[in-house]
Amino acid sequence: MTQLMQTEPDVGDDVVLLTVPADGGYLGVLRTATAGLAARLHFALDEIEDLRIAVDEACAMLLAIATRDAELECRFAVTDDALTVEVTVATVRGARLPSESSFAWKVLTALTTSAEAEANGRYATIRLLTRRTEF
């Protein structure tokens, strides 16, 4: 399911919702959507590639703890100078995301403006924010 909707009239953010099966074979769809939206914001080519890698890494972290037959729900929020990517998946009981000192988190924080995660026992979400570099 893909949707484009306006969140609040005053804010001006565009939000794209994309849901794919929680299977590595579908990550290309999310990487392509990420690249297209970043290009729309006139991100530099290296920024687009960094964001694609970060989204791929975040999804890999979530796939490792996803329930069987789960779906990855990806929410892209587009503003004038930034792209926020929020990926959520239903998790198996007792699942934990890698610690913030892990290599995976080092990758996420190196490639984005900010990265954060939350898990509540049923779902886990990773949120990535990337601001366009001004030249």
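Within each chain, residues carry numbers counting from 1 in the order of the written sequence. In keeping with the model being predicted, local features are shown solely for residues with a pLDDT of at least 70 and side-chain atom pairs are shown and tallied solely at 80 or more, while totals for entire chains, interfaces and linings include all residues. Only hydrogens and water are set aside when side-chain values are computed; all heavy atoms of the structure are taken into account.

Caption draft 1: The overall build of the chain, seen in detail. The helix and strand labels rest on DSSP assignments: H or I over at least four residues marks a helix, E over at least two residues marks a strand, and numbering proceeds from the N terminus. Of the regular secondary structure elements, the chain holds 3 helices and 6 strands. A 1.4 Å probe rolled over the protein chains alone gives each residue an accessible area, and that area as a share of the maximum for its type sets the label: buried under 20%, exposed over 50%, partly exposed in between. Of all 135 residues assigned to the chain, the portion counted as buried reaches 41%. Put simply, of all contacts in the chain between residues at least 6 apart along the chain, 60% involve residues at least 24 apart. Note on contacts: a residue pair qualifies if any of its non-hydrogen atoms lie within 4.5 Å across the two residues.

Caption draft 2: Summary view of the packing of helix H1 (residues 27-40) against helix H2 (residues 45-63). For every element, the axis is a line fit to its C-alpha atoms; helices are fit only across the contacting stretch, and the angle between N-to-C directions ranges from 0 to 180 degrees. Where H1 meets H2, the closest approach of the two axes is 9 Å, and the angle between their N-to-C directions is 145 degrees. In terms of crossing hand, the pair formed by H1 and H2 is right-handed. Here Leu27, Leu30, Arg31, Thr32, Thr34, Ala35, Ala38 and Ala39 of H1 come into contact with H2, specifically with Ile48, Leu51, Arg52, Val55, Asp56, Cys59 and Leu63. Under the convention adopted here, Pro, Cys and the residues Ala, Val, Leu, Ile, Met, Phe, Trp and Tyr are nonpolar, Asp, Glu, Lys and Arg are charged, and Gly plus all remaining residues are polar. When its residues are assigned to classes, the contact of H1 with H2 shows 10 nonpolar, 2 polar and 3 charged. Left-handed describes a crossing whose near helix is turned anticlockwise from the far helix through less than a right angle; right-handed describes the clockwise counterpart.

Caption draft 3: Quick look at the nonpolar core. Counting residues in each nonpolar core, the largest one holds 37 residues, and the members touching the most others are Leu30, Leu72, Leu83, Leu108 and Ile126. Only strand E2 (14-21), H1, H2, strand E3 (71-78), strand E4 (82-90), helix H3 (103-111) and strand E6 (123-131) provide two or more residues apiece to this core. The leading source of residues in this core is H2, at 8 residues. Beyond its immediate stretch of four places on either side in the chain, Leu108 contacts Ala54, Glu57, Ala58, Met61, Ala115, Ile126 and Leu128. We call a set of buried Ala, Val, Leu, Ile, Met, Phe, Trp, Tyr and Cys residues a nonpolar core when their side-chain atoms join them within 4.5 Å.

Caption draft 4: Spatial organisation of the pattern of salt bridges. By definition, a salt bridge exists where a carboxyl oxygen of Asp or Glu is found within 4 Å of a side-chain nitrogen of Lys or Arg. Using the criterion set out here, one finds 7 salt bridges in the structure. Notably, a salt bridge pairs Glu49 with Arg52, separated by 3.3 Å at the nearest N-O pair. Here Arg52 and Glu49 lie together in helix H2, a separation of 3 residues that amounts to about one turn. Overall, Arg52 belongs to the partly exposed group, its relative accessible area being 24%.

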